[in-house]
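# Chain and residue survey
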Amino acid sequence: MRSPLAALALASALHACARSPTPTARGAATLATAGLARWRGVATYDARHPTPSGASAALERRPARFVEVVALSPEGAALASTRTDDAGRYSLDAPAQTAFLALRADVSRDGFESRVSVDGEWSNPHEVRVPAASPGALDLHASDTAPLGPAGAFHIADSVLRGAEAVREWTGRPLPPLAVYWGRGVTTEWSYYRGERPARSGRYMLELMGGNRGRQHTTDCDEHDEGIILHEFGHFVMDRLSTNSSPGGSHPSGHLVDPGLAWEEGRATWLSAAVRREARYQDTIGIEPQGSLRVDHAIERGDQGPRGLGAESSVIDILWDLTDGVDGYPDEDQDGVALGPAPLLRAMMELSDEPGAYPCLASFLRRITRAEGGRAPLLSPDALRDMLRRTGQPESLLTAEWPTDLAVPGQVRDRVDGLTNPSPSGGPPRGGNGFDALRVYRVHLTQRGWLRLELRIDGSGSPSDHTDVDLELRDMRGETIVASAGTSQEERLARLLEPGWYMIYVRDGGDGARGNRASYTLRVTQRVLPPSG
């Protein structure tokens, strides 16, 4: 163990040498006296971009910004560390016995921390180890040409950093630590936001597809899809700074889905496009010429599928049209509105302070066109209406209501339909979370008590006659509190709840491939209890 006096001398030497970016003769002597040496260089990584036949074969060398560089002993113990700057440059003073320099996919910038992890744990970032045979100039590079090349981890880290920098610029708000779980042949299921991991840790996680081991040229990998990386990052931003009104589940293009799901998925894609300043959203599979595009959405050209409430593409396109035309954001369709991303993201953040807020595209559009509480509208209703007309979006978005408010006690007659083709609202049917296959009700409890839900189905409630309907109670973040997914004529739920807002979902109980269609009666009552405590 080093003595306190020796430790103080070492710290003084490091401080003195750090004041000069290049070692002077005096600085070199000081380093040598302290048993230290200096390494310096530039850290870079390989990146690819989307093409019509997959991620590009061509590689672009980019600076690895604000990532960690660590000096390692022959046994792999950390001896000293530093961080690269905005151009990827580093200077590291470390013990002369340093055997390797490790470039780690660990970012720290203006209070934001992020790392790309090999195993889903915060403590194990991807890294590149380079032999440090002698002090002096040593560039560090993460390649994407080796079978398990780690360049993708550094591309992910830099994309997430770009997102955090943009959010901080637009809102002034910092974001909590974020880990990204990614690995070739490991994360093969899907790319998604996993929320807080572990629970109550204050740290959050994305999981991104790494594709199958040894099949990078033909399999679905997302490490070079900046649009996908920043879409999942967008879910993290909205979860931490705004609201959540999505019940989850897949959301294929060309379908009308639950308006809350369409809103959350669409605004995550909008944030991705806004950070990149690019009106395009693409998802590659493989590397050219063997690959393809799973998604290729030219935002300014609009989507050919159904539009309106429940259309994810309408959310993306309208939010972009509200944004573009200012600060270098391309505006091809001359929609007549140019707000930029900052006021829109701040308006989304303000939803967190609105009692009972469970937004969709329609309610957000109404919010930004009305003055309230001394707050001026972002634009007038007439300006918004004119923009919708110019871009071919339905004006019904200005008056559409979702979710449905239901009094307690109360009763409603309604219908779900994930079977009829085309669906009643337009487009192909979709069970589970399709627009017609799901109904959402908002209830407000002013007192503590037992909330009771009774659903009576017009039919057997069985998949055999396509009347399988399920009942769910969710909180205002879209998380399920309790659910009933039986196959009988009645579904019942009861829960002791504190005062507040709650969401009731009645949905097609099928798996999406086999739809259901049934009318029903939903009855809501409450048995009030004395306040707790």
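Please refer to the structure placed before this passage.
Here is a short report on the structure shown in this document. None of these values were measured; they are calculated from a predicted model.

Each value, and the rule that gives it
Residues numbered from 1 in each chain as written. Predicted model: local features only at pLDDT ≥ 70, side-chain atom pairs only at ≥ 80, totals over all residues. Heavy atoms only, no water. Helix = DSSP H or I, 4+ residues; strand = E, 2+ residues; numbered from the N terminus. Buried < 20%, exposed > 50% of the residue type's maximum accessible area, 1.4 Å probe, protein only. Contact = heavy atoms within 4.5 Å. Areas by Shrake-Rupley, 256 points an atom, 1.4 Å probe, with all protein chains shown as cover. Lys, Arg positive; Asp, Glu negative; His and termini not counted. Charge placed at Lys NZ, Arg CZ, Asp CG, Glu CD. Core = buried A, V, L, I, M, F, W, Y, C linked by side-chain atoms within 4.5 Å. 1 Å grid on protein atoms, 1.4 Å probe; cavity = no way out; pocket = protein on both sides within 12 Å on 5 of 7 lines; lining within 4 Å. Points joined across faces, edges and corners; volume = space filled by probe spheres on them. Nonpolar A, V, L, I, M, F, W, Y, C, P; charged D, E, K, R; others polar. Pairing = 2+ DSSP bridges. Axes fitted to C-alpha atoms, helices over the stretch in contact; angles between N-to-C directions. Parallel < 35°, antiparallel > 145°, perpendicular 65-115°, else oblique. Left-handed = near helix turned anticlockwise from the far one by under 90°. Salt bridge = Lys/Arg side-chain N within 4 Å of Asp/Glu carboxyl O.

### Describing the overall build of the protein chain
Tallying secondary structure elements over the protein chain gives nine helices and 26 strands in all. In the protein chain, which comprises 533 residues, the proportion classed as buried is 53%. In the protein chain, once contacts between residues fewer than 6 apart in sequence are set aside, the share between residues at least 24 apart is 67%. Accessible area of the protein chain: about 22500 Å², with a carbon and sulfur share of 49%. Charged side chains of the protein chain number 58 positive and 71 negative; the gap between the two group centres comes to 5 Å.

### Here we look at the nonpolar core
With 96 residues, the main nonpolar core has Phe154, Phe233, Phe236 and Leu322 as its most contacted residues. The contacts of Phe154, once residues within four sequence positions are left out, are Tyr45, Ala64, Val67, Leu103, Arg104, Ala105, His126, Val128 and Ala142. Val443, Leu473, Tyr502 and Val506 belong to the second largest nonpolar core, which has 23 residues in total.

### Quick notes on the layout of surface pockets
A volume near 1400 Å³ is recorded for the largest pocket. Surrounding the largest pocket, 50 residues form its lining, His231, His235, Gly249, His251 and Glu265 being those nearest its centre. Each residue belonging to the lining of the largest pocket can be placed in one class, and the counts come to 14 nonpolar, 20 polar and 16 charged. What the second largest pocket holds in volume is close to 260 Å³. Around the second largest pocket, the lining comprises 17 residues; the ones closest to its centre are Glu354, Ser363, Arg366, Arg370 and Arg442. Top element by residues in the lining of the second largest pocket is helix 8 (residues 361-368). It accounts for four residues. The residue makeup of the lining of the second largest pocket, split by class, is eight nonpolar, two polar and seven charged.

### Let's talk about empty space enclosed by the protein
Within the structure shown, the criterion is met by two cavities of 30 Å³ or more. For the largest cavity, the calculated volume is near 70 Å³. Around the largest cavity, the lining residues are Arg48, Ala55, Gln216, Thr219, Cys221, Glu223, His224, Asp225, Thr284, Ile285, Gly286 and Ile287. Residues of the lining of the largest cavity, tallied by class, amount to four nonpolar, five polar and three charged. Here the second largest cavity is characterised by a volume of approximately 60 Å³.

### Side note on the environment of Leu419
If you trace the backbone, Leu419 turns up in the loop between strand 19 (410-417) and strand 20 (438-445). By relative accessible area, Leu419 is classed as partly exposed at 28%. Distance from Leu419 to Asn433, taken between C-alpha atoms, is 12 Å for residues 14 residues apart in sequence. Among residues more than four places away in sequence, those in contact with Leu419 are Pro429, His466, Gly515, Asn516 and Arg517.

### Here we look at the sheet that holds strand 22 (residues 469-474)
One open sheet accounts for five strands, arranged 18-20-25-22-23; its pairing is mixed. The sheet is open, and its two borders are formed by strand 18 (404-405) and strand 23 (480-484), each paired with just one other strand. Judged from the six bridges that link them, strand 22 and strand 25 (residues 500-508) form a sheet pairing that is antiparallel. The residue of strand 25 that forms the bridge with Arg474 is Met503.

### Remarks on the packing of helix 3 (residues 151-171) against helix 5 (residues 259-276)
As a packed pair, helix 3 and helix 5 sit with axes 10 Å apart at the nearest point and diverge in direction by 90°. Taken together, the axes of helix 3 and helix 5 lie roughly perpendicular to each other. Only Leu271, Ala274, Val275 and Arg276 of helix 5 make contact with helix 3, whose side of the interface consists of Arg162, Gly163, Ala166 and Trp170. Residues of the contact of helix 3 with helix 5, tallied by class, amount to five nonpolar, one polar and two charged.

### Some thoughts on the packing of helix 6 (residues 312-323) against helix 8
Taken N-terminus to C-terminus, the directions of helix 6 and helix 8 make an angle of 20°; their axes are 11 Å apart at the nearest point. Here helix 6 lies roughly parallel to helix 8, going by the angle between them. Considering only the axes of helix 6 and helix 8, their crossing is left-handed. Each of Ser314, Val315, Ile318, Leu319 and Leu322 in helix 6 lies in contact with helix 8, whose residues at this interface are Leu361, Phe364, Leu365 and Ile368.

### Section: the pattern of salt bridges
Two side chains with opposite charge may pair up if their charged atoms get near one another. Scanning all chains against the criterion turns up 44 salt bridges. Across the pair Asp106 and Arg83 runs a salt bridge whose closest N-O atoms are separated by 2.7 Å. In this pair, Asp106 is assigned in strand 8 (residues 100-109) and Arg83 in strand 6 (residues 78-83), connecting sequence segments 23 residues apart. On the accessibility criterion, Arg83 (31% relative accessible area) is partly exposed.

### Looking at helix 8
Counting buried positions along helix 8 gives seven out of eight residues, so the element sits mostly inside the fold. Restricting attention to buried positions, one finds in helix 8 the residues Leu361, Ala362, Ser363, Phe364, Leu365, Arg367 and Ile368.

### Brief notes about the sheet that holds strand 26 (residues 517-528)
Read from one edge of the open sheet, four strands run 19-26-21-24, paired in antiparallel fashion. The two strands at the open ends of the sheet, each matched to only one other strand, are strand 19 and strand 24 (490-497). On average, each strand axis in the sheet is inclined to that of its neighbour by 20°, with strand direction left out of account. One ladder, built from eight bridges, connects strand 21 (residues 449-457) with strand 24; its direction is antiparallel. By the bridge assignment, Arg456 is partnered in strand 24 with Glu490.

### Observations regarding the environment of Arg168
Structurally, the position occupied by Arg168 is in helix 3. In sequence terms Arg168 and Gly202 are 34 residues apart; their C-alpha atoms lie 18 Å from each other.

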